[in-house]
Amino acid sequence: MSAAARVLVVEDEREIRRFVRAALEHERCEVFEAAGVAQGLAEAGTRKPDLVVLDLGLPDGDGVDFIRDLRSWSDSPVIVLSARTQEADKIAALDAGADDYLTKPFGVGELQARARALLRRQERRGEAASPVFSFGDVSVDFPRSQVMRRGEPVHLTPIEYRLLCVLIAHQGKVLTQRHLLREVWGPGSVERSHYLRVYIGHLRQKLEDDAAQPRHLLTETGVGYRFQP
Amino acid sequence: MAIAAAACAATTLMATPLHGVLDLANIVMLFLLTVLIVAAGLGRAAGVLAAFLSVLLFDVFFVPPRFSLAVQDAQYLITFAVMLAVALIAAHLAAALQREAQLAAGKERQTRLLYELARELAGALAVEQVDEITRRFLREAFDIEAAVLLPQPDGRLAAVGDADARKPEPVLARVAFNNNHTAYDAEHAGGRYAVGWLPLKAPMRVRGVLKARPLDPAADTLYAQRTLLETIASLVAIVVERLHYVDVAQASQVETAAERLRSSILSALSHDLRTPLTALVGLADSLALLGPALPAAAMDTAQALRDQAVRMHGLVANLLDMARLHAGRIALRREWQPVEEAIGAAIQLLRPPLGEHPVRVDLEPELPLLELDAVLMERVFCNLIENAAKYSPAGAAIDIEAKRHGQDVTVAVCDRGPGFPPDKSAVFEMFVREDHAKPGVGLGLAICRAIVEAHGGSIAAADRVGGGACVVMTLPVGNPPAVEEEQA
């Protein structure tokens, strides 16, 4: 990782800020702190961070508004911190443009892994995408629209293939159901969430070792899906 | 009658001086005019009397020979007959006209009364007001003593403002209420109705009973004014129904407000409890990041601190979940999904703590989609798998099986632990634990039961063949939506 990626931490709880800072500095990031929405937006404007870690329950405003505001002029990735019971908030944050979330309480290792993944993606942006993508024992040849598993071709239907491509294109990122339905089935299909679940099930059966214990096509319960290479 | 006779006599007197001046035919006209006026003013009977009297007086005083009933010229008999016929018809028409005018006036009065009542009732804000307005109106307009009876919370009909539970409800009120038909007490002498019980028929259903008792026992108001009274009853009914729906709307508003308060208290509590725990887990973790590295003993302590904080969080989460599940209705966010998704998500979440326990998932092929709240069902599977891991010997597999049985899908989570105690239903009660040596306050299974039951399913504990315990959930299949096959 390149030295001194700039990370902005927007969190009102001082002790949480403290260990988030320690974790990120350990990853050789330069960390800036803000305790509220207003201060956070001001800091984001001056520091131009490469990554934002944002608590959703801030005292002076809604974290979702922060993301919308930020997204109007910046595409820096955003990790949201929230509680388990706040699925609706998570979805709102992701739909507003957040890239990932961590459920409280979370460990330092989890935070570091997520931050690394997003920073790496940010770095790779602009690089030409490789024509062949591999994960586990599966490889996807984009120019030829062919999927191979353990050297054998796997037959995917057009929708299954499109779904897989969207997931791979956003690897490591949580995609909400609404987002996936819109991208794969079209804008009129956001109410047909059971289609999405059934097709994810098909992909797991064809590409995962154990469809009930997937390692790549992960469920983010109540929110959406994440592809983990 | 006397006035009718006097009028005829007066006409005779007036016409007598004109005898010889006027033609007899014109004198007949004077008599006909008199009959018409009498009938219009005094009604049919007076008109008929005047008609006969006029013919008699005309014969006696004007037709020659005068002052005798005898008639010289037989053609006057035709005059009499026509005169009588015209007079009778005129009397009849005039009287009908008069009656209609009276009826119209009566109707107008009724309409005005009803309008006033409706206007007053429209402003009523409580059933007590409705009762008061109705009583006052019926007393003033019809001399009737009235009362509005409404069903009480115990189902008994009782007068508004007199909900004395010891008073039995009037039998006829119940009859009127149940049959949706007016019932009468006929105990007065002369067969007049003493009390009428009118059902309050509203658009949705019968809302109560209007009791009406004429204060003058001799009056036949109840029968004579029955249509009007029924109209009044339906007016009252509509107002009572309106007030009922106002109450319903208010109650649901209050409930919504209470629900909102509860949920905001719970989420504030959850935030306040979770924040220090999050800090604790993270800070314990961050001790490992310090350089120079801490001694191994300090690292172990940090790990222990972290584990305890995570456990504490589990307990807090369980307590908050239980509070949420027990505080009023559980709002499920149900969506159709394969059951393996909830199972997979739970295993994914538990992967680090599951450690040495492999999980085997065996699902019948072609299982239908189930309509589940994904977040809550994930919680159920987490609790069950965690429990299974807690009681299983190290390295033993946890088995999850799902099968379809008719209109249900059963999902079993089984372990090779010591099994359940003999009283298996008790394990789903709050704060019951299988083994006091193991950690946990025994909320896990109670939460599972609350969630599964909210889904319309059931949950049971069973012994496993070959040793161990199984928790079996039965979830209804319902009507899964069709998923169209893709045209490849």
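Model, not experiment: these values are computed from the prediction.

Explanation requested: the overall build of chain B in the structure shown.
Within chain B, the secondary structure is distributed over twelve helices and twelve strands. For chain B, contacts bridging at least 24 residues in sequence account for 65% of all contacts bridging at least 6. Carbon and sulfur atoms form 61% of the exposed surface of chain B, whose accessible area is close to 25500 Å².

Looking at this model, I keep getting lost on the sheet that holds strand S7 (residues 100–103) of chain A. Mind explaining?
Two strands in a sheet stick together by hydrogen bonds in their backbones, pointing the same way (parallel) or opposite ways (antiparallel). Residues and elements named next belong to chain A. Spatially, five strands are ordered S2-S1-S3-S6-S7 in an open sheet, and the strand pairing comes out parallel. Of all the strands in the sheet, just strand S2 (29–34) and S7 have a single pairing partner and so form its edges. Averaged over all adjacent pairs, the angle separating strand axes in this sheet is 20°, with direction ignored. Of the pairings in the sheet, the one linking strand S1 (residues 5–10) to S2 comprises six bridges and is parallel in character. Counted as the bridge partner of Ala-5 is Cys-29 from S2. Helix H2 (residues 37–47) rests against S1 and S2 of the sheet, and its axis sits at about 145° to S2. Packing against the sheet, helix H4 (residues 87–96) makes contact with strand S6 (78–82) and S7, and its axis sits at approximately 155° to S7.

What exactly am I supposed to notice about the environment of Met322(B) here?
Looking at where Met322(B) falls in the secondary structure, it is placed in helix H9 (residues 296–326). Taking the C-alpha atoms as reference points, Met322(B) and Ala450(B), 128 residues apart in sequence, are found 8.5 Å from one another.

Would you take a moment to explain the interface of chain B and chain A for this structure?
Often the size quoted for an interface is simply the accessible area lost on bringing the parts together. Every contact between the two is made by 44 residues of chain B and, on the other side, 48 residues of chain A. Carbon and sulfur atoms supply 56% of the area buried between chain B and chain A, which totals about 3700 Å² over both sides. When the buried surface of chain B facing chain A is broken down by residue, Leu289(B), Glu341(B) and Glu486(B) rank first, second and third, together holding 17% of it. Run the count over chain B and chain A and you get three salt bridges. Of the charged contacts, one joins Arg204(A) and Glu341(B) as a salt bridge, the two residues approaching to 3.4 Å between their closest N and O atoms. Put simply, the parts of the chain that give the side of chain B that touches chain A at least two residues each are helix H8 (226–286), H9, strand S6 (334–337), helix H10 (339–354), strand S7 (359–363) and helix H11 (374–391) of chain B. The greatest single-element share of the side of chain B that touches chain A, amounting to twelve residues, is contributed by H8(B). Across the side of chain B that touches chain A, the residue classes tally to 19 nonpolar, ten polar and 15 charged.

Please clarify how unusual backbone geometry should be interpreted in this entry.
Note: most residues except glycine have negative phi, and most peptide bonds are trans. Across the junction of Lys104(A) and Pro105(A), the peptide omega takes the value -5°, indicating a cis bond. Mapped onto the elements, Pro105(A) comes out in the loop between S7 and helix H5 (108–124). In the Ramachandran plot, Glu366(B) falls in the positive-phi region, its phi being about 65° despite a non-glycine side chain. Inspection of the secondary structure assignment puts Glu366(B) in the loop between S7 and strand S8 (370–373). Relative accessible area serves as the criterion here: at 79%, Glu366(B) is assigned to the exposed category.

Is there a simple way to explain the sheet that holds strand S14 (residues 224–227) of chain A in this structure?
Residue and element names in this part refer to chain A. Reading across from one edge, S12-S14-S13 is the order of the three strands in this open sheet, with antiparallel pairing throughout. Only two strands of the sheet have a single neighbouring strand rather than two, namely strand S12 (174–176) and strand S13 (217–220). Strand after strand, the sheet turns through a mean of 30° between neighbouring axes, direction not considered. Pairing of S12 with S14 involves three bridges; the strand directions are antiparallel. Residue pairing in the sheet places Leu-175 in a bridge with Tyr-225 of S14.

Whenever I open this one, the state of the cysteines confuses me. Can you help?
Residues and elements named next belong to chain B. Within this structure, the stated rule accounts for one disulfide over all chains. Through a disulfide, Cys-414 is tied to Cys-470; the S-S separation comes to 2.1 Å. Judged by the sign of its S-S torsion, about 105°, the cystine formed by Cys-414 and Cys-470 is right-handed. Here the residue Cys-414 occupies a position in strand S10 (residues 408–414), and Cys-470 occupies one in strand S12 (residues 469–476), the gap between them amounting to 56 residues. As far as the burial class goes, Cys-414 and Cys-470 line up, both buried. Cysteine Cys-382 remains unbridged, with the sulfur of Cys-448 as its closest cysteine sulfur at 9.5 Å.

Mind showing me how you'd approach helix H12 (residues 444–454) of chain B here?
For the α-helix, the turn length of 3.6 residues means that residues three or four positions removed from each other point alike. Residue and element names in this part refer to chain B. Within H12, eight of the eleven residues are buried, leaving the element largely enclosed by the surrounding structure. The complete set of buried residues in H12 reads Gly-444, Leu-445, Ala-446, Ile-447, Cys-448, Ala-450, Ile-451 and Val-452. Of the surrounding secondary structure, the elements contacted by the buried residues of H12 are H9, H11, strand S11 (458–463) and S12. Once H12 finishes, Gly-456 follows within two positions and takes phi at roughly 80°, a positive value.

The rules we used
- Residues numbered from 1 in each chain as written.
- Chains lettered and ligands numbered in written order.
- Predicted model: local features only at pLDDT ≥ 70, side-chain atom pairs only at ≥ 80, totals over all residues.
- Heavy atoms only, no water.
- Helix = DSSP H or I, 4+ residues; strand = E, 2+ residues; numbered from the N terminus.
- Contact = heavy atoms within 4.5 Å.
- Areas by Shrake-Rupley, 256 points an atom, 1.4 Å probe, with all protein chains shown as cover.
- Pairing = 2+ DSSP bridges.
- Axes fitted to C-alpha atoms, helices over the stretch in contact; angles between N-to-C directions.
- Buried area = accessible area lost by both parts, 1.4 Å probe.
- Salt bridge = Lys/Arg side-chain N within 4 Å of Asp/Glu carboxyl O.
- Nonpolar A, V, L, I, M, F, W, Y, C, P; charged D, E, K, R; others polar.
- Buried < 20%, exposed > 50% of the residue type's maximum accessible area, 1.4 Å probe, protein only.
- Disulfide = S-S within 2.5 Å.

What is shown is where atoms sit, not what they do.
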